[in-house]
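Given next are the chains, with one letter for each unit.
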Amino acid sequence: MTMEVGILGATGMVGQQFVALLANHPWFKVAWLGASERSAGKAYRDAAAWRLPAPLSDDVAKLGVDAATPGRAPKLVFSGLDSSVAGEIEGAFAQAGHIVVSNSRNYRMEADVPLLIPEVNADHLALLKAQAARNWKGRIVTNPNCVVVVYAMALAPLRQFGLKSSIITTLQAISGAGYPGVPSWDILGNVIPFIGGGEEQKIETETNKILGTVKNGAVQDHEVKISAAVTRVGVHNGHTGSIAVSLDQKPDVDAIVAAWNGFRGRPQALGLPSAPAQPIVYLTEQNRPQPSLDVNRDGGMTITIGRLRACPVLDFKFVALGHNTIRGAAGAAILNAELMHREGLL
Ligand SMILES: NC(=O)c1ccc[n+]([C@@H]2O[C@H](COP(=O)([O-])OP(=O)(O)OC[C@H]3O[C@@H](n4cnc5c(N)ncnc54)[C@H](OP(=O)(O)O)[C@@H]3O)[C@@H](O)[C@H]2O)c1
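Every value quoted in this text rests on a predicted model; they were computed, and no experiment measured them. (Residues numbered from 1 in each chain as written. Predicted model: local features only at pLDDT ≥ 70, side-chain atom pairs only at ≥ 80, totals over all residues. Heavy atoms only, no water.)

Engineer: Quick question: what am I supposed to make of the sheet that holds strand 6 (residues 139–142) here?
Structural biologist: Either a parallel or an antiparallel arrangement is found when strands of a sheet pair, and the pairing is made through backbone hydrogen bonds. Spatially, the 6 strands line up as an open sheet ordered 3-2-1-4-5-6, and their pairing is parallel. In this open sheet, the two edge strands, each paired with only one partner strand, are strand 3 (65–67) and strand 6. This sheet shows a mean twist of 30° between the axes of neighbouring strands, independent of strand direction. Bridge count between strand 5 (residues 99–102) and strand 6: 4 bridges; the pairing is parallel. In the sheet register, I99 faces strand 6, and the bridge partner there is R139. With respect to the sheet, helix 13 (residues 326–342) is in contact with strand 1 (3–8), strand 2 (28–35), strand 4 (76–79), strand 5 and strand 6, its orientation differing from that of strand 5 by roughly 145°. (Pairing = 2+ DSSP bridges. Helix = DSSP H or I, 4+ residues; strand = E, 2+ residues; numbered from the N terminus. Axes fitted to C-alpha atoms, helices over the stretch in contact; angles between N-to-C directions. Contact = heavy atoms within 4.5 Å.)

Engineer: Would you explain the environment of K317 in this entry?
Structural biologist: Its location among the elements puts K317 in strand 16 (residues 316–322). Considered as a pair, K317 and A111 are 206 residues apart in the sequence and their alpha carbons are 32 Å apart. Excluding anything up to four places from it in sequence, K317 contacts I243, A244, R307, L308, R309, A310, C311 and P312.

Engineer: It is not clear to me how the pairing of strand 1 should be interpreted in this structure. Could you clarify?
Structural biologist: Residues in a regular strand project their side chains so that they alternate between the two faces of the sheet. Alignment of strand 1 against strand 2, held across 6 bridges, turns out to be parallel. Across the sheet, the residue bridging to M3 is F28, located in strand 2. Strand direction decides the pairing type here: strand 1 and strand 4, joined by 4 bridges, are parallel. Along strand 4, the bridge assignment pairs G6 with V77.

Engineer: For this particular structure, what's the right way to read unusual backbone geometry?
Structural biologist: The phi torsion of most residues other than glycine is negative, and most of the peptide bonds are trans. In this model, Y179 is joined to P180 through a cis peptide bond whose omega is 5°. Within the fold, P180 resides in the loop between strand 7 (163–171) and helix 7 (184–187). Backbone torsion omega between R288 and P289 reads 5°, so that peptide bond is classified as cis. Structurally, P289 is set in the loop between strand 14 (280–282) and helix 11 (291–294). Positive phi outside glycine occurs at N216, with the angle close to 50°. Tracing the backbone through its elements, the reader meets N216 in the loop between strand 9 (213–215) and strand 10 (218–220). With a relative accessible area of 84%, N216 lands in the exposed category. We note that R307 has phi near 55°; this positive angle belongs to a residue other than glycine. (Buried < 20%, exposed > 50% of the residue type's maximum accessible area, 1.4 Å probe, protein only.)

Engineer: Looking at this model, I keep getting lost on the packing of aromatic side chains. Mind explaining?
Structural biologist: Counted under the stated rule, the structure contains 8 aromatic pairs. Measuring from ring centre to ring centre gives 6.2 Å for W27 and F28, while their planes differ by 90°; the resulting arrangement is edge-to-face. Overall, the relative accessible area of 17% leaves W27 in the buried class. On the basis of relative accessibility, which here comes to 1%, the residue F28 falls in the buried class. These aromatic residues form a ring-pair network of at least three members: F18, W27, F28 and F78. (Phe/Tyr/Trp six-rings, centres within 6.5 Å; stacked < 30°, edge-to-face > 60°.)

Engineer: Can you walk me through helix 4 (residues 83–95) in this structure?
Structural biologist: The periodicity of an α-helix, 3.6 residues per turn, causes residues three or four positions apart to be oriented the same way. The end-to-end C-alpha separation of helix 4 is 18 Å, in line with the 18 Å expected for 13 residues at 1.5 Å each. Among the residues of helix 4, A86, G87, I89, E90, G91, F93 and A94 are the ones counted as buried. Buried positions along helix 4 lie against strand 1, strand 2, strand 4, strand 5 and strand 6. In the stretch just after helix 4, G97 is the one whose phi turns positive, near 110°. (Expected span 1.5 Å × (residues − 1).)

Engineer: Mind showing me how you'd approach the site of the ligand here?
Structural biologist: Surrounding the ligand, one finds 28 residues, the nearest of these being T11, V14, S36, R38 and S39. Here an oxygen atom of the ligand and a backbone polar atom of V14 are 2.7 Å apart. At 2.6 Å, a side-chain N or O of S36 approaches an oxygen atom of the ligand. Computed on the free molecule, the ligand has an accessible area of 920 Å², of which 81% lies beneath the protein chains in the complex. No other element matches the 3 residues that helix 4 contributes to the shell around the ligand. (Near = heavy atom within 4 Å. Polar contact = N/O pair within 3.5 Å; in protein donor to acceptor, adjacent residues only side chain to side chain. Areas by Shrake-Rupley, 256 points an atom, 1.4 Å probe, with all protein chains shown as cover.)

Shown next as structure tokens:
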């Protein structure tokens with residue numbers, strides 16, 4: 001039995017990844033597409049500037065795009081809405097009884113909204129109970145900022161060593177800015193040391209919530225102190241982070257690599273359709289990970305890490321990479337919905 005699903009912001013960069021990833025999904029079937037007034041009333045093939053290498057399926061190409069108002073969409077709705085409108089629209093959908101699984105930043109830091117990476121904090125779904133106090137018949141679940149998914153997954157297995165502080169410098173792909181995104185004149189042969197929308201602050205706050213623990217129905221943030229600096233680089237897909245950490249204990253390099261390679265979570269235990277068999281893979285080659293070689297590993301759902309070595313300022317430093325529109329956005333949201341489905345929350 002497949003469940004019909006909708007996509008809000010279906011025409012955008014993340015929306016297109018939803019369409020592509022759901023094309024052959026064993027549980028979910030795309031039945032409704034919503035976007036702005038600019039797209040409403042058009043067939044999807046005419047409304048979306050399709051940017052993905054996988055061909056657009058005929059079924060979805062001919063679906064009509066609807067206005068982003070609740071009423072006609074299925075109960076489960078994925079959202080890749082622009083954050084300038086996501087707060088109001090996602091709230092209206094939740095109020096009307098939809099389960100909204102969102103990529104946007106608007107609700108991530110609300111105390112009663114799970115900010116989920118199923119391998120790391122599946123138990124944060126317990127926060128959903130508190131949403132009953134809102135004027136909502138439905139619910140909202142969010143996935144993190146696209147860098148934070150990579151970063152929090154890399155840090156999660158290090159909690160056992162007493163994770164104290166961390167510094168991250170990112171090299172972020174142009175697909176992270178949506179389409180058409182950054183003008184070619186600005187990005188070709190260039191590095192831009194700023195990303196709008198409070199990117200650094202998101203990294204410095206969302207990570208602590210995700211790594212935190214649920215106590216008495218609320219998340220107690222992890223105490224790791226974080227300093228983030230972000231850059232946009234001329235890479236199509238894949239956000240890279242150069243990361244340093246300080247730890248209370250002093251494990252050796254082998255113990256850290258074993259913690260990463262051995263890391264598993266609920267998605268692997270449940271055998272969820274989008275779950276990578278090994279969520280974090282440590283690459284031993286000196287010059288890896290690289291976006292052009294490693295970003296699509298296991299359908300873009302695996303985080304790759306490399307270059308673990310001693311850091312003369314903190315304790316260790318390394319490089320981590322993840323696919324920003326798959327593991328960092330649409331694939332993350334689909335994995336969240338798969339977990340909710342298996343936990344009886346849909
Ligand atoms: N790209 C990434 O790597 C990434 C990763 C994680 C999270 N995110 C988040 O995901 C969201 C989407 O990002 P994106 O890169 O896909 O952006 P995008 O390519 O600019 O797409 C934005 C989508 O929002 C729709 N939209 C804009 N204004 C609207 C309105 N007034 N009413 C209804 N729909 C409206 C657009 O529809 P029209 O085509 O009709 O204008 C489009 O479908 C953002 O919140 C972003 O921060 C992105």
